[in-house]
Amino acid sequence: MFKDNHKIDNYFLNLYFSYFKKNVLNLDILLAFISATTLLAFFPGPDNIYVLTQSLVNGKKYGLATVAGLISGCLVHTTLLAFGVSALIKANDYLFLGIKIFGALYLFYIAYKVFKSDGSLILGGDNAPKKSLFSLFKQGFIMNVLNPKVALFFLAFFPGFLFSNTLNTITQFYVLGVLFMVVSFVVFSIIAILAGSISSYIIKNEKVGYIFKWLQIVVFVGLGIYILLSDK
């Protein structure tokens, strides 16, 4: 009798976890989001090149202050996205489909822009003015908040990674936003701490820029296709 009850308990427990995984929290989608975010954070772009430059000119802690400012700005974009897109989802499924199509096309456009670039990585010169920790934090925050490309990227990137059929969409966008911020903070902090080694390696190896160029193209095209094929 006891064994039968134990089997029944295990059956319902497995059923619950199966339902939880499929409807409440799809870990596969979250892991895909974290992986994509990590790749994107490592690719050379204006933000991490700026962090690298500030770390070289002013020191590691100033680079970390820049990172903190840039990442804090993501919270503003996450909030605007969460409330704006969530309202559209509630209003009309076709509007949300339009957002996903726009997101995929925007990612394809970024891939095209990368393809048209020459692939060289240019670090800032040694003449960059030294600033206080707070100044660099504030500058990083303002750079991020006032950059329309960040808002467009969030709009293109996040909706394809909604991971639950039961959680509020606003909550899901904030979860994705926090994960994006944590992953980006860790990667950018590594760049700030290892600034000297990274910059010297880039300078010595001219092919690095071209390798990153084609990796970015593959990732952006892949993300665009993923978003097109993903369910709501």
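Residues numbered from 1 in each chain as written. Predicted model: local features only at pLDDT ≥ 70, side-chain atom pairs only at ≥ 80, totals over all residues. Heavy atoms only, no water.

The protein chain is annotated in an unreviewed UniProt entry as Lysine exporter protein LysE/YggA of Cellulophaga geojensis KL-A. Word for word, the UniProt comment on the protein chain under Subcellular location (unreviewed entry) is "Cell membrane". (UniProt positions renumbered as here; feature names shortened; annotations may be inferred.)

**Q** Outline the side chain of Thr78, supporting the account with residue identities and numerical values.
**A** The residue Thr78 is located in helix α4 (residues 60-91) in this model. Leave out the neighbours within four places in its chain, and Thr78 touches Phe154, Phe158, Phe173, Tyr174 and Gly177. (Helix = DSSP H or I, 4+ residues; strand = E, 2+ residues; numbered from the N terminus. Contact = heavy atoms within 4.5 Å.)

**Q** Give a detailed account of the nonpolar core, specifying residues and quantitative values.
**A** Of all hydrophobic cores here, the largest spans 50 residues; its most connected members are Phe153, Phe157, Phe158 and Phe188. Looking at this core, the elements with two or more residues in it are α2 (27-42), α3 (46-58), α4, α5 (93-116), α7 (148-157), α8 (169-193), α9 (195-204) and α10 (207-229). Considering each element in turn, this core owes the most residues, 10 residues, to α8. Leave out the neighbours within four places in its chain, and Phe158 touches Phe33, Thr78, Leu81, Phe173, Leu176, Gly177 and Phe180. (Core = buried A, V, L, I, M, F, W, Y, C linked by side-chain atoms within 4.5 Å. Buried < 20%, exposed > 50% of the residue type's maximum accessible area, 1.4 Å probe, protein only.)

**Q** Tell me about the layout of surface pockets, and please be specific about residues and values.
**A** Unfilled space is identified by rolling a water-sized probe across the atoms. Size it by volume and the largest pocket reaches roughly 1,200 Å³. Surrounding the largest pocket, 38 residues form its lining, Pro44, Gly45, Pro46, Gln216 and Phe220 being those nearest its centre. Elements that contribute at least two residues to the lining of the largest pocket include exactly α2, α3, α4, α5, α7, α8 and α10. For the lining of the largest pocket, the class distribution of residues is 22 nonpolar, 11 polar and five charged. Its boundaries defined by the atoms lining it, the second largest pocket holds a volume of some 260 Å³. If you trace the second largest pocket, you find 14 residues lining it, with Phe42, Ile191, Ile198, Ile202 and Phe212 closest to the centre. Elements supplying a minimum of two residues to the lining of the second largest pocket: α3, α8, α9 and α10. In the lining of the second largest pocket, the residues fall into 13 nonpolar, one polar and no charged. (1 Å grid on protein atoms, 1.4 Å probe; cavity = no way out; pocket = protein on both sides within 12 Å on 5 of 7 lines; lining within 4 Å. Points joined across faces, edges and corners; volume = space filled by probe spheres on them. Nonpolar A, V, L, I, M, F, W, Y, C, P; charged D, E, K, R; others polar.)

**Q** Requested: an account of the confidence of the model for the protein chain, with residues and values cited.
**A** Summarising the model, the protein chain shows a mean pLDDT of 83, and 84% of its residues fall at 70 or more. Between the elements of the protein chain, mean pLDDT differs from a low of 51, seen in helix α1 (residues 2-24), to a high of 96, seen in α8. (pLDDT = per-residue confidence, 0-100.)

**Q** Describe the packing of aromatic side chains, naming the residues involved and giving the relevant values.
**A** As enumerated under the stated definition, the model contains 14 aromatic pairs in all. An angle of 85° between the planes, with centres 5.4 Å apart, marks the rings of Phe33 and Phe158 as edge-to-face. With Phe33 in helix α2 and Phe158 in the loop between α7 and α8, this residue pair connects regions lying 125 residues apart in the sequence. In terms of burial, Phe33 and Phe158 fall into one category: buried. Clustering of aromatic rings is evident, with ring pairs tying together Phe33, Phe153, Phe154, Phe157, Phe158, Phe161, Phe180 and Tyr226. A cation over a ring is seen here: Lys213 above Phe115, with NZ or CZ 5.8 Å from the ring centre. (Phe/Tyr/Trp six-rings, centres within 6.5 Å; stacked < 30°, edge-to-face > 60°. Lys NZ or Arg CZ within 6 Å of the ring centre and 35° of its normal.)

**Q** Requested: an account of α7, with residues and values cited.
**A** If you check which residues of α7 are buried, you get Val150, Phe153, Phe154, Ala156 and Phe157. End-on, the buried residues of α7 take up no more than an arc of 165°, which puts them together on one face. Check the buried side of α7 and you find it contacts α2, α4, α5, α6 (133-145), α8 and α10. (Arc of directions from axis to C-beta.)

**Q** Describe the packing of α3 against α6, listing the residues and the values that go with them.
**A** Direction vectors running N to C along α3 and α6 enclose 165°, while the axes themselves pass 12 Å from each other. By the angle between their axes, α3 is roughly antiparallel relative to α6. Crossing angle aside, the handedness with which α3 passes α6 is right-handed. In contact with Asp47, Tyr50, Gln54 and Asn58 of α3, α6 contributes Leu136, Gln139, Met143 and Asn144. Residue classes in the contact of α3 with α6 are distributed as three nonpolar, four polar and one charged. (Axes fitted to C-alpha atoms, helices over the stretch in contact; angles between N-to-C directions. Parallel < 35°, antiparallel > 145°, perpendicular 65-115°, else oblique. Left-handed = near helix turned anticlockwise from the far one by under 90°.)

**Q** Let's hear about the side chain of Ser184: which residues, and what values?
**A** For Ser184, the location among the structural elements is in helix α8. A distance of 2.8 Å separates the side chain of Ser184 from the backbone oxygen of Phe180, its partner in a polar contact. Ignoring any residue separated from it by four or fewer positions in sequence, one finds Ser184 in contact with Thr37, Ala41 and Ile71. (Polar contact = N/O pair within 3.5 Å; in protein donor to acceptor, adjacent residues only side chain to side chain.)

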